[in-house]
Amino acid sequence: MNKTLLPIALASALLASGCSFIPQLDRPALPVADQFPAAASQTAGQVAAADIPWQQFFTDPRLQQVIQLALDNNRDLRVAMLNIEKAQAQYQIQRASQFPELAAAAGGQRARSQLTGQYGNSFTAGLTMPSWEIDFWGRISSLKEQALAQYLATEEGRKAAQISLISNVANTWLNLQADEELMSISRRTLGTREQSIKLTKLRLDAGVTSELDFRQAQSLTESARATLAQQTRQRELDANALTQLVGQTLPAELLSGMQGKKLADLPPLADVPAGLPSDLLLRRPDVRQAEQSMIAANASIGAARAAFFPNISLTASAGFANPEISDLFSSGSKYFSIAPSLYLPIFNAGRNRANLQVAEANQKIAVAQYEQAIQAAFRETSDALVSRQTLQEQLQAQARQLEAEQVRYKLSDLRYTNGVASYLDLLDAQRSLFALEQSVVQVRLQQLQNQVNLYKVLGGGWTEPAAGSNAAAANSATTVQ
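Residues numbered from 1 in each chain as written. Predicted model: local features only at pLDDT ≥ 70, side-chain atom pairs only at ≥ 80, totals over all residues. Heavy atoms only, no water.

Asks: Pulling in residues and values, what's your account of the overall build of the protein?
Replies: Within the protein, the regular secondary structure consists of 11 helices and four strands. For the protein, buried positions account for 41% of its 481 residues. Approximately 25,600 Å² of the protein is accessible, and the part contributed by carbon and sulfur atoms is 53%. (Helix = DSSP H or I, 4+ residues; strand = E, 2+ residues; numbered from the N terminus. Buried < 20%, exposed > 50% of the residue type's maximum accessible area, 1.4 Å probe, protein only. Areas by Shrake-Rupley, 256 points an atom, 1.4 Å probe, with all protein chains shown as cover.)

Here is the structure:
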């Protein structure tokens, strides 16, 4: 039975001497600038966004709870995790092709001899090795490398899905809080206008004012009522969107805690350093996913090249054979066979050449997609940095404008009460104040969501453990099992 080790040892020796036709992969230079146009200089000791765990960036305990619920229950993320298991199994399948398959086999046959015309029996039992391709030219190892890169790309895809999920949950949460604040403004404004229309009606009945003033007050009141209805509808839509992201019904105490609060009252988001060199974009999971796809496409070229060379395979079996089943396992019934074979393609109508051309074209496509992913990441980060500067300036300017409009409204109301100004001046002040109050909330929302987006585009929301890094311990808590 030791002879059964002979084909394995022989094949192992041939396999060890095998070669690979995978071309050397020269990663293209970054097709972007070395620095973001709107980035300030890097400050020593700053922590990159990709190294800030989401629990440290989002400091609101209620938002942290919602994000954790989403990580535990979101179906898109669950599918991404299952895709990793699928890709891992596919890699194991491809890896298994490098090794011989051994099986126990037994059989019996009764046949009529062409020479004697008599019937005879034949019984066999032992080990068999089906046709096993010896990877002399590296075809199977190239396919294994391709499957490994595809598995790693799937893993990076899952990380990108988690980053996107966290960002979407945070932005939807901020939308809900902004909805609550806008509705509060509209309710207060509607109440003020309902009081105003009552006073205007009394003045109309007393002949002090005209019906025009009353109709204008009525129009503004209904406008505020319609705005409140629209905002109420949007609030419910945002709540539904958040429920879908979380993957379950939100606890009532989380939503009720939003009432009566403003965006400015929320715990601040952690600061994200802006002065980061653009090569840090290579830490983004979607960029690394494109890189692994490029490696996989490059490995497929090796498999396509190996198809031009002879296919060497081996079939072997060892065990017992005897015409009498009672003597099957006697010492004289042992047998051993080994059958190497070689297959060399001569003519296949250009199939191998076409397969190689397809593999080379796919590799070029993957390189272009890798560069495209880097450029898209660079633009997203640059846009977020530009918005970070201008939104802060816009918010400060509109806050000062709001203060001026509040004073203007008070003065207009006083002048109208004293008969110095017309009712039209008061209505214009009310309308401007209402619009500006809502505008300030919307700009503040844009500013907060831009902070979340900047954290996302710089790779925040997923951190990997690094040896000697203080972020390693915090990172382990962010990993979804």
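Asks: Quick one: what's the story with the packing of helix 5 (residues 139–205) against helix 10 (residues 423–457), residue by residue and with numbers?
Replies: The contact between helix 5 and helix 10 brings their axes to 9 Å, and the two run at 170 degrees. In terms of their interaxial angle, helix 5 and helix 10 are classed as roughly antiparallel. In the contact of helix 5 with helix 10, the residues fall into 12 nonpolar, 11 polar and six charged. (Axes fitted to C-alpha atoms, helices over the stretch in contact; angles between N-to-C directions. Parallel < 35°, antiparallel > 145°, perpendicular 65-115°, else oblique. Nonpolar A, V, L, I, M, F, W, Y, C, P; charged D, E, K, R; others polar.)

Asks: Which residues make up the environment of Gln-64, and what are the values?
Replies: Mapped onto the elements, Gln-64 comes out in helix 3 (residues 61–73). Every residue in contact with Gln-64, bar those within four places of it in the chain, is listed here: Trp-54, Gln-55, Phe-58 and Thr-59. (Contact = heavy atoms within 4.5 Å.)

Asks: Explain the packing of aromatic side chains to me, and be specific about the residues and the numbers.
Replies: Each aromatic ring pair is summarised here by two numbers: the centre-to-centre distance and the angle between the ring planes. Here the structure, examined in full by the defined rule, presents eight aromatic pairs. The interplanar angle of 90 degrees and the centroid separation of 6.0 Å between the aromatic rings of Phe-58 and Tyr-455 together place this pair among those described as edge-to-face. With Phe-58 in the loop between helix 2 (54–57) and helix 3 and Tyr-455 in helix 10, this pair connects stretches of sequence that are 397 residues apart. Pair check on accessibility: Phe-58 and Tyr-455 agree, each one buried. Through a chain of ring-to-ring contacts, the aromatic side chains of Phe-21, Phe-136, Trp-137 and Phe-309 assemble into a single cluster. (Phe/Tyr/Trp six-rings, centres within 6.5 Å; stacked < 30°, edge-to-face > 60°.)

Asks: Give a description of the sheet that holds strand 4 (residues 334–343) that names residues and reports values.
Replies: Across the sheet, which stays open at both edges, the four strands sit in the order 1-2-3-4 with antiparallel pairing between neighbours. Edge positions in the sheet fall to strand 1 (103–112) and strand 4, since each of these pairs with one other strand and no more. Between one strand axis and the next, the sheet turns by 30 degrees as a mean value, whatever way the strands run. As judged from the 10 bridges shared by strand 3 (residues 311–322) and strand 4, these two strands associate in the antiparallel manner. Note on strand 4: the bridge partner recorded for Ala-316 is Ile-338. (Pairing = 2+ DSSP bridges.)

Asks: Which residues make up the pairing of strand 3, and what values do they have?
Replies: For strand 2 (residues 119–134) and strand 3, the ladder comprises 10 bridges, and the chain directions are antiparallel. Across the sheet, the residue bridging to Leu-127 is Ala-318, located in strand 3.

Asks: Describe helix 10, listing the residues and the values that go with them.
Replies: Under the 1.5 Å per step criterion, the end-to-end length of helix 10 is 50 Å for 35 residues, consistent within 8% with the ideal 51 Å. Positioned one or two residues after helix 10, Gly-459 has a phi angle of 90 degrees, which is positive. (Expected span 1.5 Å × (residues − 1).)

Asks: Residues and numbers for a nonpolar patch on the surface, please.
Replies: Together, Leu-342, Leu-344, Ile-346 and Phe-347 make up an exposed nonpolar region whose accessible area comes to about 540 Å². Mapped onto the elements, Ile-346 comes out in the loop between strand 4 and helix 9 (351–417). (Patch = residues over 30% accessible without salt bridge, like charges linked within 9 Å, V, L, I, M, F, W, Y side chains within 5 Å. Salt bridge = Lys/Arg side-chain N within 4 Å of Asp/Glu carboxyl O.)

Asks: Give a description of unusual backbone geometry that names residues and reports values.
Replies: One can expect most non-glycine residues to show negative phi and most peptide bonds to be in trans. Positive phi values are uncommon outside glycine, yet Ala-349 reaches one of about 60 degrees. Positionally, Ala-349 belongs in the loop between strand 4 and helix 9.

Asks: How would you summarise the confidence of the model for the protein if you had to cite specific residues and measurements?
Replies: One rule of thumb: low pLDDT means the predicted coordinates there are not for detailed reading. Here the protein averages 85 in pLDDT, while 90% of its residues score no lower than 70. Here residues 1–9 scores under 50 on pLDDT; set against residues more than four positions off or in separate chains, the count is 10 contacts. Low pLDDT, under 50, characterises residues 13–17; the predicted model gives this stretch six contacts beyond four residues in sequence or across chains. (pLDDT = per-residue confidence, 0-100.)

Asks: Describe the pattern of salt bridges, with residues and values.
Replies: The tally for this structure, following the rule as stated, stands at 22 salt bridges. In this structure, Glu-155 engages Arg-158 in a salt bridge whose closest nitrogen and oxygen atoms are separated by 3.5 Å. Of this pair, Glu-155 and Arg-158 both sit in helix 5, three residues apart, roughly one helical turn. Judged on exposure class, the residue Glu-155 and its partner Arg-158 are both buried. Glu-405 is paired through a salt bridge with Arg-408; the nearest N and O atoms lie 3.3 Å apart. Here Glu-405 pairs with Arg-408, and both are found in helix 9, just three residues apart, close to one helical turn. One salt-bridge network, held together by shared partners, links Glu-405, Arg-408, Asp-428 and Arg-431.

Asks: Quick one: what's the story with the packing of helix 9 against helix 10, residue by residue and with numbers?
Replies: Contact geometry for helix 9 and helix 10: axes closest at 8 Å, N-to-C directions at 160 degrees. Considering the angle they form, helix 9 stands roughly antiparallel to helix 10. In this structure, helix 9 meets helix 10 at a crossing whose hand is left-handed. Of the residues in the contact of helix 9 with helix 10, the class split is 16 nonpolar, 15 polar and nine charged. (Left-handed = near helix turned anticlockwise from the far one by under 90°.)

Asks: Kindly report on helix 8 (residues 285–306), identifying the contributing residues and their values.
Replies: Look at helix 8: 32 Å from first C-alpha to last across 22 residues, which is about the 32 Å you get at 1.5 Å a residue. A large share of helix 8 lies buried, amounting to 17 of its 22 residues.

Asks: Quick one: what's the story with the pairing of strand 1, residue by residue and with numbers?
Replies: With respect to burial, strand 1 is a largely exposed element, only zero of its 10 residues being buried. Inspection of the sheet shows strand 1 paired to strand 2 by 10 bridges, in the antiparallel sense. Note that in strand 2 the partner of Gln-109 across the bridge is Ser-122. Adjacent in sequence and paired antiparallel, strand 1 and strand 2 are bridged by six residues, among which Gly-117 carries a positive phi angle near 75 degrees.

Asks: Explain the environment of Leu-250 to me, using residue names and the numbers behind them.
Replies: With respect to the helices and strands, Leu-250 occurs in the loop between helix 6 (211–246) and helix 7 (252–256). In sequence terms Leu-250 and Leu-69 are 181 residues apart; their C-alpha atoms lie 8.8 Å from each other. Ignoring sequence-local partners within four residues, the contact set of Leu-250 consists of Val-66, Leu-242, Thr-243 and Leu-255.

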